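Residue-level structure breakdown
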Amino acid sequence: MAQVTFLGLGVMGYPMAGHLKAAGHEVTVYNRTGSKAWAWTDEHGGAFAPTPAEAAAGAAIVFACVGNDDDLREVCLGGDGAFAGMAKGAIFVDHTTVSAAVTREMAEAAEGQGVSYVDAPISGGQAGAEKGALSIMCGGPQEAFDTALGVMECYAKICRRIGDTGAGQTTKMCNQIAIAGLVQGLSEALNFAEKSGLDGRAVVEVISQGAAGSWQMDNRFETMLDGAFDHGFAVDWMRKDLGICLRTGDEIGAPLPVTALVDQYYKDVQAMGGGRWDTSALLARLRKLSGD
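Notes on the structure follow. Since we're looking at a predicted model, the values are computed, not measured. Each chain carries its own residue numbering, running from 1 in the written order of its sequence. Per-residue local features of the predicted model are confined to residues with pLDDT of at least 70, and side-chain atom pairs are confined, for both listing and counting, to 80 or more; whole-chain, interface and lining totals are unaffected and use all residues. Side-chain metrics in this entry use all non-hydrogen atoms of the structure; hydrogen atoms and water are not considered.

**Some thoughts on the overall build of the protein**
Each helix and strand counted, the protein has 14 helices and nine strands in total. Only C-alpha atoms enter the radius of gyration, while the globule expectation follows 2.2 Å times N to the 0.38, with N the number of residues. What you see for the protein is a C-alpha radius of gyration of 20 Å, in line with the 19 Å of a compact globule of 292 residues. With the C-alpha coordinates aligned to their principal axes, the bounding extent of the protein is approximately 65 × 45 × 35 Å. Classification of residues uses two cut-offs on accessible area relative to the type maximum, computed with a 1.4 Å probe and protein chains only: under 20% is buried, over 50% is exposed, and between them is partly exposed. Expressed as a percentage of the 292 residues in the protein, the buried residues total 50%. Excluding contacts between residues fewer than 6 apart, the proportion of contacts in the protein whose partners are at least 24 apart in sequence is 66%. Taking the average location of the 22 positive side-chain charges in the protein and that of its 35 negative ones, the two points are 4 Å from each other. Starting at the N terminus, helices and strands are each numbered in turn, a helix being any DSSP run of H or I of at least four residues and a strand any DSSP run of E of at least two. Here a residue-residue contact requires only that any non-hydrogen atoms of the pair lie within 4.5 Å. His is not counted, nor are the chain ends, whereas Lys and Arg count as positive and Asp and Glu as negative. The atoms used to mark charge sites are NZ of Lys, CZ of Arg, CG of Asp and CD of Glu.

This is the structure:
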């Protein structure tokens with residue numbers, strides 16, 4: 001068992017840190033809102049610290065799952081940042097979805113401290129985190145990945161190193177690009193069924209068994225039909241991710257026309273007050289356009 005640290009106890013990090021403790025690891029947590037850290041230790045045991053540096057002291061592996069590029073810099077850098085508290089030879093694993101540029105920046109800063117850096121964004125949503133069934137796509141040094149893999153497996157359905165530093169984040173961009181089109185297509189199909197007077201559940205029962213089937217269809221169609229969008233991955237976070245995809249696409253010359261459209265559709269959902277709704281709320285936008 002290992003001495004580990006987890007930075008960031010949001011809807012994903014909270015259960016992920018819990019899986020680490022349940023697997024027998026010695027876990028110290030940090031969260032910017034201290035009450036979440038206290039609640040986590042009340043539920044799981046372990047310890048919490050007031051700064052990332054203090055939380056990271058003595059840890060063999062430090063995990064982070066925060067909000068965005070700036071949040072990652074905040075928990076990593078400076079006198080109170082995790083890198084300042086980590087011992088040489090320790091490993092930093094970032095589960096945040098951030099830009100490949102900030103990943104390279106943090107990896108360089110970590111290397112300067114004698115710390116190995118693994119970018120390891122996740123997919124599977126809150127349910128995947130709670131069930132310990134996340135898909136983890138990684139970039140970074142092979143040796144560091146191999147060491148961290150044995151610990152990450154407690155909350156992973158699959159965990160694979162794709163390549164060198166930044167490869168994990170680039171793979172996560174592919175994931176979000178694919179999801180954006182899938183959710184829009186599913187939303188259009190369900191709205192089309194409703195406007196045609198069909199039973200949406202009956203339609204999905206049939207088409208989900210053929211080429212139209214997908215994880216999004218299996219896990220979201222019922223809540224979408226019910227107009228329940230108060231769960232899962234928030235629209236605000238999806239727009240953050242798609243912004244990273246679109247900027248990177250421009251940089252590397254990879255056109256993303258569908259992604260750009262869906263990003264604007266999510267902007268419409270935000271204007272409807274749905275920034276914290278689940279990404280499947282694209283159906284709410286179509287219903288509004290349809291006059292429902």
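There is more to say after this.
**A few points about the packing of aromatic side chains**
Side-chain rings of Phe, Tyr and Trp (the six-membered ring for Trp) are treated as a pair once their centres are within 6.5 Å; stacked means planes under 30 degrees apart, edge-to-face means over 60, and tilted covers the remaining angles. Tallying each qualifying case throughout the model produces six aromatic pairs. Seen in terms of ring centroids, Phe6 and Phe63 are 6.1 Å apart; in terms of plane orientation they differ by 20°. Their pairing is stacked. Placement of Phe6 in strand S1 (residues 3-7) and of Phe63 in strand S4 (residues 61-64) is noted, with a sequence separation of 57 residues between them. An identical accessibility class is assigned to Phe6 and Phe63; each is buried. Judged by centre distance (6.4 Å) and plane angle (75°), the ring pair of Phe63 and Tyr155 falls under edge-to-face. In this pair, Phe63 is assigned in strand S4 and Tyr155 in the loop between helix H8 (142-152) and strand S9 (156-163), connecting sequence segments 92 residues apart. By the burial criterion, Phe63 is buried, and Tyr155 matches it. What links up through ring pairs into an aromatic cluster is the set Phe6, Phe63 and Tyr155. A ring is scored as having a charge over it whenever the NZ atom of a lysine or the CZ atom of an arginine sits within 6 Å of its centre and within 35 degrees of its normal. Stacked on the ring of Tyr265, the Lys or Arg Arg285 has its end atom at 3.8 Å from the ring centre.

**A closer look at the pairing of strand S8 (residues 134-139)**
Remark: a regular strand shows side chains that alternate across the two faces of the sheet. Most of S8 is tucked away, with five of its six residues classed as buried. Where strand S7 (residues 122-123) meets S8, two bridges bridge the pair, whose relative direction is antiparallel. The residue of S8 that forms the bridge with Ser123 is Ser135. Where S8 meets S9, six bridges bridge the pair, whose relative direction is parallel. Across the sheet, residue Met137 finds its bridge partner in S9, namely Arg160. Every crossover in which the path from the first strand over the helix to the second runs clockwise, viewed with the strands pointing away from the viewer, is termed right-handed. Once you follow S8 into H8 and on to S9, the crossover reads as right-handed. What makes two strands pair is DSSP finding at least two bridges between them.

**Some details on the pairing of strand S5 (residues 91-94)**
Burial along S5 is two-sided: the face carrying Ile91 and Val93 and the face carrying Phe92 and Asp94 are both buried. Relative to S5, S4 runs parallel, the two sharing four bridges. From the neighbouring strand, Val62 faces S5, where its bridge partner is Phe92.

**Let's talk about helix H9 (residues 167-195)**
Here a helix's expected span is defined as the number of its residues, less one, multiplied by 1.5 Å. Here H9 contains 29 residues, and its C-alpha end-to-end distance of 43 Å stays within 8% of the 42 Å for a straight helix at 1.5 Å per residue. Of the residues flanking the end of H9, it is Gly197, one or two places downstream, whose phi is positive at about 80°.

**A look at the side chain of Ser280**
In this structure, Ser280 sits in the loop between helix H13 (257-271) and helix H14 (282-289). In contact with Ser280, not counting residues within four places along its chain, are Val183, Ser187, Arg220, Met224 and Phe229.

**Considering the nonpolar core**
Considering soluble globular proteins, one finds that nonpolar side chains tend to be buried as a cluster. Within this scheme, the nonpolar core is defined by two criteria: the residues are buried Ala, Val, Leu, Ile, Met, Phe, Trp, Tyr or Cys, and they are joined through side-chain atoms within 4.5 Å. Counting residues in hydrophobic clusters, the biggest one holds 34 residues, and the most contacted among them are Phe6, Phe63, Val93, Ile136, Met152 and Tyr155. For this core, the leading source of residues is H8, giving six residues. Excluding its chain neighbours within four sequence positions, the residues that come into contact with Phe6 are Gly13, Met16, Ala17, Leu20, Thr28, Val29, Tyr30, Phe63, Cys65, His95 and Tyr155. Counting 23 residues, the second-largest nonpolar core is a separate cluster that includes Tyr30, Ala59, Phe83 and Val115.

**Here's the deal with the pattern of salt bridges**
What makes a salt bridge here is a side-chain nitrogen of Lys or Arg within 4 Å of a carboxyl oxygen of Asp or Glu, nothing more. For the structure shown, the criterion picks out 12 salt bridges. In this structure, Arg220 engages Asp278 in a salt bridge whose closest nitrogen and oxygen atoms are separated by 3.5 Å. Taken together, the positions of Arg220 in helix H11 (residues 215-225) and Asp278 in the loop between H13 and H14 put the pair 58 residues apart, joining distant regions of the chain. With respect to class, Arg220 is no different from Asp278; both count as buried. Linked through salt bridges whose partners overlap, the residues forming this network are Arg32, Asp71 and Glu74.

Distances and angles like these do not, on their own, reveal function.
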